[in-house]
Amino acid sequence: MVKTLFRTSAMLLLLSGSALAQTWSVDSDSSRLSYGTIKKNSVGEVNSFEKLSGSVSEDGKLQLTIDLGSVETNIDIRNERMRQIVFQSIGSADLTAQLDTAELNQLAVGATTVVDLEATLNLLGTEIPVETEVFVARISDSKVLATTNDMVFLGTEEAGVNAGVDQLKTLAKLNGITRTVPVTLRLVLTTDGNQAAAEPVAAPVQVAFAGDVKAGKKVFKKCKACHSVKEGQNKVGPSLHGVIGRQAAAVEGFKYSKVMASADVTWDTESLTEFLAKPKKFLPKNRMAFAGLKKPADIENLLAYLDSASK
Ligand code: HEC
């Protein structure tokens, strides 16, 4: 944590505005491509592809591979028919686009933007141009979220899957399946920390919480019996709302132990990291009955959670 802070500010000094080139890869677990279908004029369903992979190269070439075999329609026999009949047992489809990486790299942590995307979808040998707006959010130095700003409509005719859909219709004895499907795409892109992410030129030093908020929320279960992150809600322990950055024992109306009340400590990432690892060692005779968190990663994630839960 402390290292991260240091690294962030040191990077600012080193870079002074130059955007470093870097590569990004698609985080398969958090990315998702969904499409909607309507059958019999009224029954709407959402299908998705569970496996996406790909990357954005240094010069901004997005290459996304959609595993057509991973189609999930929530009905096994239909998954099978989609794979064999509609997708003709072809393994994957590709989406390619040219991105403005300078813009991506300059986006400050926490900032969002909307960019135009002109992509090409290669499905079953047909090239389909796709134009859409993409909403981009910089989650951390090493993570970017990009989602379609609206739905994109794809015609089954131009996608070359019309014949397959016809056959599907007959097989499933349906009197109608729509020939235009709305599609949404969510991509989470990550970059490894070795290639320093470029900082925005004039941004103030970001207090970067490198930890994972979601993982930190899980760690917080260990604290929940005694602490809440809601403002003003004290339990056995004081509310931890906004704890990062404040003086120890600053919650009004909470009866702290003597040692805590007189501790000359500001809760920053450094002191919290030490305290949470071994509460009794950091501040002997304090009243928090908790042995400590053994894993540094747990503490890092927990701090990211406390920070985000206080906003
Ligand atoms: C068994 C109850 C209990 C558990 C579990 C517990 N705490 Fe505490 N915590 C307390 C009490 C009581 C205090 C006040 C200690 C004192 O006054 O000496 C405290 C104080 C603190 C403080 C100082 C707050 C301030 O206002 O100065 C922090 C920070 C803190 N706890 C974080 C945590 C975190 C994070 C966890 C989980 C990893 C945790 N605690 C787990 C009971 C608990």
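As a starting point, this report considers the structure included with it. Note that the structure is predicted; figures quoted are calculated from it, not measured.

**A short note on the environment of Ser34**
Moving on, step 1. Residue position: Ser34 is located in strand S2 (residues 32-39).
Moving on, step 2. Owing to a relative accessible area of 9%, Ser34 belongs among the buried residues under this scheme.
Moving on, step 3. Sequence separation between Ser34 and Leu185 is 151 residues, and the spatial gap between their C-alpha atoms is 6.4 Å.
Moving on, step 4. A distance of 3.1 Å separates a polar atom in the side chain of Ser34 from a polar atom in the side chain of Arg32.

**As for unusual backbone geometry**
Moving on, step 1. One non-glycine residue with positive phi stands out, namely Ala249, at about 60 degrees.
Moving on, step 2. Residue placement: Ala249 occurs in the loop between helix H5 (213-219) and helix H6 (258-261).
Moving on, step 3. Overall, Ala249 belongs to the partly exposed group, its relative accessible area being 23%.
Moving on, step 4. The backbone of Lys285 sits at a positive phi, close to 75 degrees, despite the residue not being glycine.
Moving on, step 5. Mapped onto the elements of the fold, Lys285 is located in the loop between helix H8 (279-282) and helix H9 (296-309).

**Quick look at a positive patch on the surface**
Moving on, step 1. Among the surface-exposed residues, Arg32, Arg186, Lys214, Lys217, Lys218, Lys221, Lys224, Lys230 and Lys235 lie close enough to one another that they form a single positively charged patch.
Moving on, step 2. Residue contributions to the positive patch peak at three residues, all from H5.
Moving on, step 3. In this structure, Lys235 sits in the loop between H5 and H6.
Moving on, step 4. Residue classification places Lys235 among the partly exposed positions, given a relative accessible area of 38%.

**Quick look at the packing of aromatic side chains**
Moving on, step 1. Going through the model one piece at a time under the given rule, you end up with seven aromatic pairs.
Moving on, step 2. Ring geometry for Tyr35 against Phe49: centres 5.7 Å apart, planes inclined by 35 degrees, an arrangement best described as tilted. Taken together, the residues span a long stretch of sequence, with Tyr35 in strand S2 and Phe49 in strand S3 (residues 43-49) at a distance of 14 residues. Like Tyr35, the residue Phe49 is buried in the burial classification.
Moving on, step 3. Look at Phe49 and Phe87: their rings are 5.8 Å apart centre to centre, the planes differ by 50 degrees, and that puts the pair in the tilted class. Of the two residues, Phe49 is situated in strand S3 and Phe87 in the loop between helix H2 (76-86) and strand S7 (92-98); the sequence distance between them amounts to 38 residues. With respect to class, Phe49 is no different from Phe87; both count as buried.

**Describing helix H7 (residues 269-277)**
Moving on, step 1. All buried positions along H7 are accounted for by Thr269, Ser271, Leu272, Phe275 and Leu276. Buried positions in H7, seen along its axis, are confined to an arc of 160 degrees and lie on one side of it.

**A closer look at the site of the ligand**
Moving on, step 1. Around the ligand, 27 residues are found, and the nearest of them are Cys223, Cys226, His227, Tyr256 and Met288.
Moving on, step 2. Taking Arg246, its side chain carries an N or O atom lying 3.4 Å from an oxygen atom of the ligand.
Moving on, step 3. Contacts to the ligand include Tyr256, whose side-chain N or O atom sits 2.5 Å from an oxygen atom.
Moving on, step 4. Top contributing element to the shell around the ligand by residue count: H7, with three residues.
Moving on, step 5. Class assignment for the residues of the shell around the ligand results in 20 nonpolar, four polar and three charged.

Calculation rules
- Along each chain, the written sequence defines residue order, and numbers are assigned to residues from 1.
- Only residues with pLDDT of at least 70 are given local features in this predicted model, and only at 80 or more are side-chain atom pairs given and counted; all residues enter the totals for whole chains, interfaces and linings.
- Side-chain calculation: all heavy atoms of the structure are included, whereas hydrogens and water are not.
- A run of H or I in DSSP counts as a helix once it spans at least four residues, and a run of E counts as a strand once it spans at least two, with each numbered from the N terminus.
- Each residue's exposure class comes from its accessible area (1.4 Å probe, protein chains only) as a fraction of the maximum for that residue type: buried when under 20%, exposed when over 50%, partly exposed otherwise.
- A 3.5 Å cut-off defines polar contacts: any pair of N or O atoms within that distance qualifies, except that in protein one atom must be a possible hydrogen donor and the other a possible acceptor, and neighbouring residues in sequence count only when both atoms are side-chain atoms.
- Patch rule: a residue counts if its relative accessible area is over 30% and it has no salt bridge; like charges are joined within 9 Å, and nonpolar side chains (Val, Leu, Ile, Met, Phe, Trp, Tyr) within 5 Å.
- Each accessible area is a Shrake-Rupley estimate made with a 1.4 Å probe; only the visible protein chains count as cover when residues are assessed.
- Salt bridge criterion: a side-chain nitrogen from Lys or Arg within 4 Å of a carboxyl oxygen from Asp or Glu.
- We treat Lys and Arg as the positive residues and Asp and Glu as the negative residues; His and chain ends play no part in the count.
- Charge positions are represented by NZ for Lys, CZ for Arg, CG for Asp and CD for Glu.
- A pair of Phe, Tyr and Trp rings is counted when the ring centres sit within 6.5 Å of each other, with Trp represented by its six-membered ring. The angle between the planes then sorts it: under 30 degrees is stacked, over 60 is edge-to-face, the rest tilted.
- Directions are taken from the helix axis to each C-beta atom, and the arc is the one they span.
- Neighbouring residues are identified by heavy atoms, a residue being near a molecule or strand if any of them is within 4 Å of it.
- Amino acids are sorted into nonpolar (Ala, Val, Leu, Ile, Met, Phe, Trp, Tyr, Cys and Pro), charged (Asp, Glu, Lys and Arg) and polar (every other residue, Gly among them).

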